[in-house]
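Breakdown of the fold
These are the residues of each chain, in order.
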Amino acid sequence: MLNNKNCPIILLGDSGVGKSSITLKFIRDTFEDVYNPTFENSYIAELDINYGEKIRLEILDTAGQEDFINLRDHYARIGEAFILVYSITCRGSFNEMKHIKENITNIKQCTDVPMILVGNKVDLSNTERKVSIEEGKSLARSFGCAFIETSAKENINIEETFKTLVNDWKKSKERKVNK
Ligand code: GDP
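A brief look at the structure comes next. (Residues numbered from 1 in each chain as written. Predicted model: local features only at pLDDT ≥ 70, side-chain atom pairs only at ≥ 80, totals over all residues. Heavy atoms only, no water.)

1. Comments concerning the site of the ligand
Around the ligand sit 19 residues in total, of which Gly16, Ser20, Ser21, Glu32 and Asp123 are the nearest. Between the ligand and the protein, one listed contact pairs an oxygen atom with a backbone N or O atom of Asp33 at 2.9 Å. Here Ser151 contributes a side-chain N or O atom positioned 3.5 Å from an oxygen atom of the ligand. Burial of the ligand by the protein chains amounts to 92% of its free accessible area of 580 Å². By residue number, the principal contributor to the shell around the ligand is helix H1 (residues 19-28), which donates three residues. For the shell around the ligand, the residue count by class is five nonpolar, seven polar and seven charged. (Near = heavy atom within 4 Å. Polar contact = N/O pair within 3.5 Å; in protein donor to acceptor, adjacent residues only side chain to side chain. Areas by Shrake-Rupley, 256 points an atom, 1.4 Å probe, with all protein chains shown as cover. Helix = DSSP H or I, 4+ residues; strand = E, 2+ residues; numbered from the N terminus. Nonpolar A, V, L, I, M, F, W, Y, C, P; charged D, E, K, R; others polar.)

Quick look at the structure:
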């Protein structure tokens, strides 16, 4: 049973964008160059936010393949906070974000769902960038959520992603209690 301090986080996005890499960088501080497709992996972690307050994270790293489209509804139901990941080197993965976001909002029947939009592989910015920072910011604004560019490879903004999301999740929970 979940209590107030358990934050179920789900990473969603096309396969190959770096969901597993972001998760493993955060959990174990490791990075693999070799692509190893995931079906589904879950992890437990503890995160310190706001001067020593500890939140227990239940992180679910998903496959992100069309075959698992029914699973997306399931993920949208069980998650309380979502990391929507695209790769800045792949326009298709960016276009997919809108569908994933709409699916979550439809399933939850609510627009106040904690989420963060993540443009991963920012280390490839100079050579392979296909999606600009402005496009990312603008999409996040339309979602009403935070935006961040990350690199799992170079450990850029990985912890910040989780901290930002967990803070939003906490605020959203407080808003619901105060309603
Ligand atoms: P997933 O299918 O979304 O979980 O993607 P993976 O985490 O398995 O990553 C897919 C591929 O992209 C792997 O070869 C990773 O090494 C690579 N990758 C993941 N994150 C980054 C990153 O930040 N920068 C670069 N250059 N490659 C990355």
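2. As for the pattern of salt bridges
This structure, assessed with the given rule, holds 13 salt bridges. Here Lys54 and Asp48 are joined by a salt bridge, their closest N and O atoms 3.2 Å apart. On the accessibility criterion, Lys54 (44% relative accessible area) is partly exposed. With relative accessibility at 38%, the residue Asp48 sits in the partly exposed group. Notably, a salt bridge pairs Lys170 with Glu174, separated by 3.7 Å at the nearest N-O pair. With a gap of four residues between them, Lys170 and Glu174 both fall in helix H6 (residues 158-178), about one helical turn apart. Because the salt bridges share partners, they merge into one network encompassing Glu53, Lys170 and Glu174. (Salt bridge = Lys/Arg side-chain N within 4 Å of Asp/Glu carboxyl O. Buried < 20%, exposed > 50% of the residue type's maximum accessible area, 1.4 Å probe, protein only.)

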